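So the chains spell out like this:
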Amino acid sequence: MNVFWLGLIATASVGAGTYLMRSIFILSLADRDLSPQVLQALRFVAPSVLAALVVSILFGGADQGGVGWVEVIALGTGGAVGWRTRSIPWLLVAGMGTLWVIGAFV
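Attention in this report is confined to the structure presented alongside it. Predicted model only: the values in this text are computed from it and were never measured. In this numbering scheme, every chain counts its residues from 1 along its sequence in written order. Note on the predicted model: pLDDT of at least 70 is required for a residue's local features to be given, and 80 or more for side-chain atom pairs to be given and counted; whole-chain, interface and lining totals, by contrast, use all residues. Only hydrogens and water are set aside when side-chain values are computed; all heavy atoms of the structure are taken into account.

## As for helix 5 (residues 88–105)
How we decide: The secondary structure listing takes helices from DSSP runs of H or I that are at least 4 residues long and strands from runs of E that are at least 2 residues long, numbered from the N terminus. How far a helix is expected to stretch is found by multiplying one less than its residue total by 1.5 Å. We call a residue buried when its accessible area falls under 20% of the maximum for its residue type, exposed when it is over 50%, and partly exposed in between, using a 1.4 Å probe and counting protein chains only. The arc refers to the directions leading from the helix axis to the C-beta atoms. Throughout, a contact is declared for two residues whenever any of their heavy atoms are within 4.5 Å.
With 18 residues, helix 5 should reach 26 Å at 1.5 Å per residue; the first-to-last C-alpha distance of 26 Å fits that figure. Of all the positions in helix 5, only Ala94, Gly95, Thr98 and Ile102 are classed as buried. One side of helix 5 holds all its buried residues, which, seen down the axis, span an arc of 90°. Summarising the geometry of helix 5, the exposed residues directed more than 90 degrees from the buried face are Pro89, Val93, Trp100 and Ala104. Buried positions along helix 5 lie against helix 4 (69–85).

Here you go:
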């Protein structure tokens, strides 16, 4: 068996395994109501993940390449829009849009 077929089998196996691991959780809870405590806790997942990403970018090790002024401006823009609108999608659009626009000209 050549390398192409081994790679294809490995990719398909990993993809199917990942799909099954994610879908089992979703399908097992699809017909159940979540408790109010769980729903309240789930509201904080997206802000927590975004905060963890920002901290890892800003204070990551030297092997991660560091942060330039373009990233700092994008983080500041996204933070300001998120603070003003209280909306995660608008925060992402503003931050990534700023990063892509400034990155295209620099």
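Let's pick the thread back up.
## What to know about the packing of helix 3 (residues 45–58) against helix 5
We apply this condition: A fitted line through C-alpha atoms serves as each axis, taken over the contacting stretch for helices, and the angle formed by two N-to-C directions is quoted from 0 to 180°. Orientation is classified from the angle alone, with under 35 degrees giving roughly parallel, over 145 giving roughly antiparallel, 65 to 115 giving roughly perpendicular, and any other angle giving oblique. Amino acids outside the nonpolar list (Ala, Val, Leu, Ile, Met, Phe, Trp, Tyr, Cys, Pro) and the charged list (Asp, Glu, Lys, Arg) are all regarded as polar, and Gly is one of them.
Between helix 3 and helix 5, the least distance of the axes is 11 Å, while the angle of their chain directions is 25°. Classified by the angle their axes make, helix 3 and helix 5 are roughly parallel. For the pair helix 3 and helix 5, the contacting residues are Ala46, Pro47 and Leu50 in the first and Ile88, Leu91 and Leu92 in the second. Class assignment of the residues belonging to the contact of helix 3 with helix 5 gives a composition of six nonpolar, no polar and no charged.

## Considering unusual backbone geometry
With phi around 55°, Arg86 is a residue other than glycine that occupies positive phi space. By the secondary structure assignment, Arg86 is in the loop between helix 4 and helix 5.

The values reported here are purely geometric and, on their own, carry no functional implication.
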